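# Residue-level structure breakdown
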Amino acid sequence: MKEIMERIRGMAEEMGESIEGVAFPEPIVLAPGAVDAAADWLTASGYARIQVVADANTYEAAGKRLVDGLTTRGASAAPTIVLPNALGDVAADEASVVQVLLDAQRTGAEALVVVGAGTLHDIARYAAFTCGRPFVSVPTAPSVDGFTSVGAPLIVRGDKITIPAVGPAAIFADVDLATAAPRALIAAGFGDMLGKYTSLFDWRFGAATADEPYSPLAAAITERALARCVAQAAAIGRGEPAAVVALMEALIESGLAMLIFGQSHPASGAEHHVSHYWEMEYIRGQRRQLLHGAKVGVACALVSERYRRIAEEGAAAFEGVPDLRAMLQAVPEPAALRALLSEAGGPATPEELGVEPALVRESLDRAHRVRPNRATLLRRYNELSQLNR
């Protein structure tokens, strides 16, 4: 949508930061009837053989409509319904990726279109990258900010690792689908956005203590998107259409900030590492998965709590660590974060989410190992604590 890109280009110009060479999705459509617009764009772009990747639910919600629309416009459209695993979860794992790849090879697909939310996007973006084809994003719910990502977090032999992939050539987010999405998915999207409080803190911390690269523009885009979501938490919880659309827009903008920076730092810090730790433990324990954004929101409050405790313990006195108390002023108190999660209609505590206390404690002590290349405060504190034992 023009407004998103105009805002980003305006901010880049004001801040003197170049975005030339960034492969933005073009177009970005956030409007009623975007599914039909996707069919128009694909056929107008000359794609004759198209693979539509969905699961059973998203195929019924929008995938079949897209397949029918493409067929009516003269294209060959073949659906791939990604199958759930033995627990009933559609997972971004080896089996799902191979299923999509085999179908794309069998049909000679010239482009892949993913109709769904975060997990299906991760599967499709890596499959498209592997077979050298473009992919197009058709989100069905405002549940995550990873629609524009160029990395695919995949489950490989039980471990979650992020693998280079490809970003979408275009995004078609149908407003009618977004506002009709299950409330749990909408609340998860808000949780994913709320996690930016701690991810932005960790990014600043890493830049200050480990010379990690930093982009004021990407940070500003993320901050603005986060502020708009927080201001509408209650309206999002009530499912007000305008607020849900604003959430979807904010999620897309957060994804574009990552695209500008080239890595996930603006939107992923210790709160995501805790979430990933829980996910891997659930896989090992053969338990049904929890929504990504719901985990991130709950983990954000936990990380805020832990970081305040670290600051009170005097970790700021360690060499090379800045004034944590001053830096933490930008991160709301845990109680405030949990109140926002509740307003938005999602779980606010590990108990409400269904994560047991022992796993919470373990994750806060070990989650930094999930992304050992990231210089988060959680990693710094845990590693220093281990050295001092």
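Relevant structure appears above.
Notes on the structure in this doc start here. (Residues numbered from 1 in each chain as written. Predicted model: local features only at pLDDT ≥ 70, side-chain atom pairs only at ≥ 80, totals over all residues. Heavy atoms only, no water.)

Turning to helix α17 (residues 357–366), a few remarks are in order. Those residues of α17 lying buried are Leu359, Val360, Ser363 and Leu364. On an axial view of α17, the arc spanned by its buried residues comes to 130 degrees, and they lie on one face. Its buried side turned inward, α17 meets α12 (270–284), α13 (292–313), α16 (350–353) and α18 (377–387). (Buried < 20%, exposed > 50% of the residue type's maximum accessible area, 1.4 Å probe, protein only. Helix = DSSP H or I, 4+ residues; strand = E, 2+ residues; numbered from the N terminus. Arc of directions from axis to C-beta. Contact = heavy atoms within 4.5 Å.)

Counting 85 residues, the largest nonpolar core has Phe190, Phe201, Leu256, Trp278 and Tyr307 as its most contacted members. Broken down by element, the residue count for this core peaks at 12 residues, all from helix α11 (residues 241–261). Val35, Leu42, Val138 and Phe172 belong to the second-largest nonpolar core, a separate cluster that totals 23 residues. (Core = buried A, V, L, I, M, F, W, Y, C linked by side-chain atoms within 4.5 Å.)

A separate point is the pairing of strand β6 (residues 151–156). For β6, a buried count of five out of six residues is recorded, marking the element as mostly surrounded by other parts of the structure. Sheet topology note: the β6/strand β7 (residues 159–164) ladder contains six bridges and is antiparallel. By the bridge assignment for β7, Leu154 is matched with Ile161. As consecutive antiparallel partners, β6 and β7 are separated by two residues, and within that stretch Arg157 has a phi angle of approximately 50 degrees, a positive value. (Pairing = 2+ DSSP bridges.)

Let's shift gears to the packing of aromatic side chains. The full count for this structure, using the stated rule, is seven aromatic pairs. Ring geometry for Tyr126 versus Phe129: centroids 6.3 Å apart, planes at 35 degrees, classification tilted. Taken together, the residues span about one helical turn, with Tyr126 and Phe129 both in helix α5 (residues 118–131) at a distance of three residues. We classify Tyr126 as partly exposed; its relative accessible area is 22%. Ring geometry for Phe201 and Phe205: centres 6.3 Å apart, planes at 15 degrees, overall stacked. Of this pair, Phe201 and Phe205 both sit in helix α8 (residues 196–210), separated by four residues, roughly a single helical turn. Phe205 carries the same exposure label as Phe201, and that label is buried. Feature note: the residues Trp41, Tyr47 and Phe172 constitute an aromatic cluster, connected by ring pairs. Here the basic side chain of Arg287 rests over the ring of Tyr282, its NZ or CZ set 3.9 Å away from the ring centre. (Phe/Tyr/Trp six-rings, centres within 6.5 Å; stacked < 30°, edge-to-face > 60°. Lys NZ or Arg CZ within 6 Å of the ring centre and 35° of its normal.)

This paragraph deals with the environment of Glu313. Mapped onto the elements, Glu313 comes out in helix α13. With relative accessibility at 48%, the residue Glu313 sits in the partly exposed group. The spacing of Glu313 and Phe24 is 289 residues in sequence and 44 Å in space, taken between C-alpha atoms. Side chain to side chain, Glu313 and Tyr381 meet in a polar contact 2.7 Å long. (Polar contact = N/O pair within 3.5 Å; in protein donor to acceptor, adjacent residues only side chain to side chain.)

Quick look at the pattern of salt bridges now. Counting across every chain of the model gives 29 salt bridges. For Arg306, the salt bridge is made with Asp365, and the minimal N-O distance between the two is 3.8 Å. A residue pair is termed long-range when its members are at least 10 positions apart, and Arg306 in helix α13 and Asp365 in helix α17 qualify at 59 residues. Of the residues examined, Asp365 reaches a relative accessible area of 35% and is grouped as partly exposed. The salt bridge partner of Glu333 is Arg308, with a shortest N-O separation of 3.3 Å. In this pair, Glu333 is assigned in the loop between α14 (324–327) and α15 (334–343) and Arg308 in helix α13, connecting sequence segments 25 residues apart. (Salt bridge = Lys/Arg side-chain N within 4 Å of Asp/Glu carboxyl O.)

Counting buried residues along strand β4 (residues 111–116), six of its six residues qualify, which places the element largely inside the surrounding structure. Bridge analysis of strand β2 (residues 49–54) against β4 gives four bridges, and the strand direction is parallel. Residue pairing in the sheet places Val53 in a bridge with Val114 of β4. Direction of pairing for β4 relative to strand β5 (residues 135–139): parallel, over a ladder of five bridges. Across the sheet, residue Leu112 finds its bridge partner in β5, namely Phe135.

These values are about where atoms sit, not about what they do.
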